[in-house]
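Below are the chains, spelled out letter by letter.
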Amino acid sequence: MTGGAAPIRYARALAAIGEQTGTLAALHREWNDLRATVEATPAALPALINPRVPVERRREALDDLLRAAGASRTTRAAATLLFGKGRLLDLPRVAGALDGIVRARTGQVGAAVTTAASMPDAFHERLKAALERATGKTLVVERSVDPGILGGVVARVGDILYDGSVRTALARLRERLMET
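Here the residue index of a chain counts from 1 through its sequence in written order. Where totals are concerned, whole chains, interfaces and linings use all residues; where local detail is concerned, this predicted model gives features only for residues with pLDDT of at least 70, and gives and counts side-chain atom pairs only at 80 or more. As a rule here, side-chain values come from all non-hydrogen atoms in the structure, and water together with hydrogens is ignored.

(A) Summary view of the overall build of the protein chain. Looking only at helices and strands, the protein chain has eight helices and four strands in total. Compactness check: the protein chain gives a C-alpha radius of gyration of 20 Å against a globular reference of 16 Å for 180 residues, more than 25% above the reference. Along the first, second and third principal axes, the C-alpha atoms of the protein chain reach 70 × 40 × 30 Å. Relative accessible area decides the class of each residue, using a 1.4 Å probe on protein chains only: under 20% of the type maximum gives buried, over 50% gives exposed, and in between gives partly exposed. Residue burial in the protein chain is summarised as follows: out of 180 residues, 33% are buried. When contacts within the protein chain are restricted to residue pairs at least 6 apart in sequence, long-range pairs at least 24 apart make up 68% of them. Starting at the N terminus, helices and strands are each numbered in turn, a helix being any DSSP run of H or I of at least four residues and a strand any DSSP run of E of at least two. This radius of gyration counts C-alpha atoms alone. The globule rule is 2.2 Å times how many residues there are, raised to the power 0.38. Should any heavy atoms of two residues lie within 4.5 Å, those residues are considered in contact.

Okay, structure coming up:
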């Protein structure tokens, strides 16, 4: 069983260990890298929990993955604990929860910016500065491209959505025309 509060508990424990040992930034990077590795290989986690594969072979595969990722002793111990508790599928959620904890402690807020086409770095820097002024927060921005928005920008900062897409503007125009 996955989900729920367990990933947050694991992330809090990792954050506490990281703060006590002065390795929080390194743990944060490791778990983000580990999550990226797992997400880039969708078959990795299901293979590591497959009951048809002997436990020892799965444990060795996890060790190989962690070694290849250059994981610290703390990260290896936490991932092995997740494996032993049958919660390895929670690994990406633990990484996400740790990311949220670290961002909250450093005053950063996650933001997602979507444009219809790839835009230059200067555009994204100006947009980030404008969003930081509007929200009064320090942002960590993830970029994505979705041609379906047709043009403009869609930005999500925390729970707030700023939708300046052409697709949404056309939908609003269509609604107004239908009302008349």
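(B) Representation of the pairing of strand β1 (residues 108–115). Summarising the sheet, β1 and strand β2 (residues 138–145) pair through eight bridges and their orientation is parallel. Within the sheet, the bridge partner assigned to T114 lies in β2 and is S144. One bridge is not enough; two strands pair if DSSP finds at least two bridges between them. Both β1 and strand β3 (residues 152–157) contribute to a ladder of five bridges, which runs antiparallel. Counted as the bridge partner of V113 is A155 from β3.

(C) Region of the structure containing the sheet that holds β1. Ordered in space as β2-β1-β3-β4, the four strands form an open sheet in which the pairing is mixed. Each edge of the open sheet is held by one strand with a lone partner, namely β2 and β4 (160–165). For this sheet the average axis-to-axis angle between neighbouring strands, irrespective of direction, equals 15°. Docked against the sheet, helix α8 (residues 166–179) engages β3 and β4, running at close to 80° with respect to β4. Between N-to-C directions, angles cover 0 to 180 degrees, with each direction set by a line fitted to C-alpha atoms, over the stretch in contact for helices.

(D) Examining the pattern of salt bridges more closely. Throughout this description, the term salt bridge denotes a Lys or Arg side-chain nitrogen within 4 Å of a carboxyl oxygen of Asp or Glu. Under the defined criterion, the tally for this structure stands at seven salt bridges. Between R105 and E19 there is a salt bridge, with its nearest N and O atoms 2.7 Å apart. Residue R105 is located in helix α6 (residues 91–105), and its partner E19 is located in helix α1 (residues 6–21); the two are separated by 86 residues in the primary sequence. Residue classification places R105 among the partly exposed residues on the basis of a relative accessible area of 46%. Notably, a salt bridge pairs R87 with D90, separated by 2.8 Å at the nearest N-O pair. The same class applies to R87 as to D90, namely buried. The structure contains a network of salt bridges with shared partners spanning R87, D90 and R93.

(E) Molecular detail of the nonpolar core. In this structure, W31, L82, L88, L91, V94 and L98 are the most contacted members of the largest nonpolar core, which totals 27 residues. Contributions of two or more residues to this core are made by α1, α2 (24–40), α3 (44–49), α4 (55–68), α5 (73–84) and α6. Here this core gets seven residues from one element, more than from any other, and that element is α6. What L82 contacts, discounting residues up to four positions off in sequence, is Y10, W31, R87, L88, L91 and V94. Joining through side-chain atoms within 4.5 Å is the link that ties buried Ala, Val, Leu, Ile, Met, Phe, Trp, Tyr and Cys residues into a set, and such a set is a nonpolar core.

(F) Inspection of the side chain of R35 at higher detail. Positionally, R35 belongs in helix α2. Under the convention used here, Asp and Glu are negative, Lys and Arg are positive, and both His and the chain ends fall outside the count. Despite being buried, R35 has no salt bridge partner; D99 is the closest side chain of opposite charge, sitting 4.4 Å away. With residues near it in sequence (within four places) discarded, R35 still touches P92, A95, G96 and D99.

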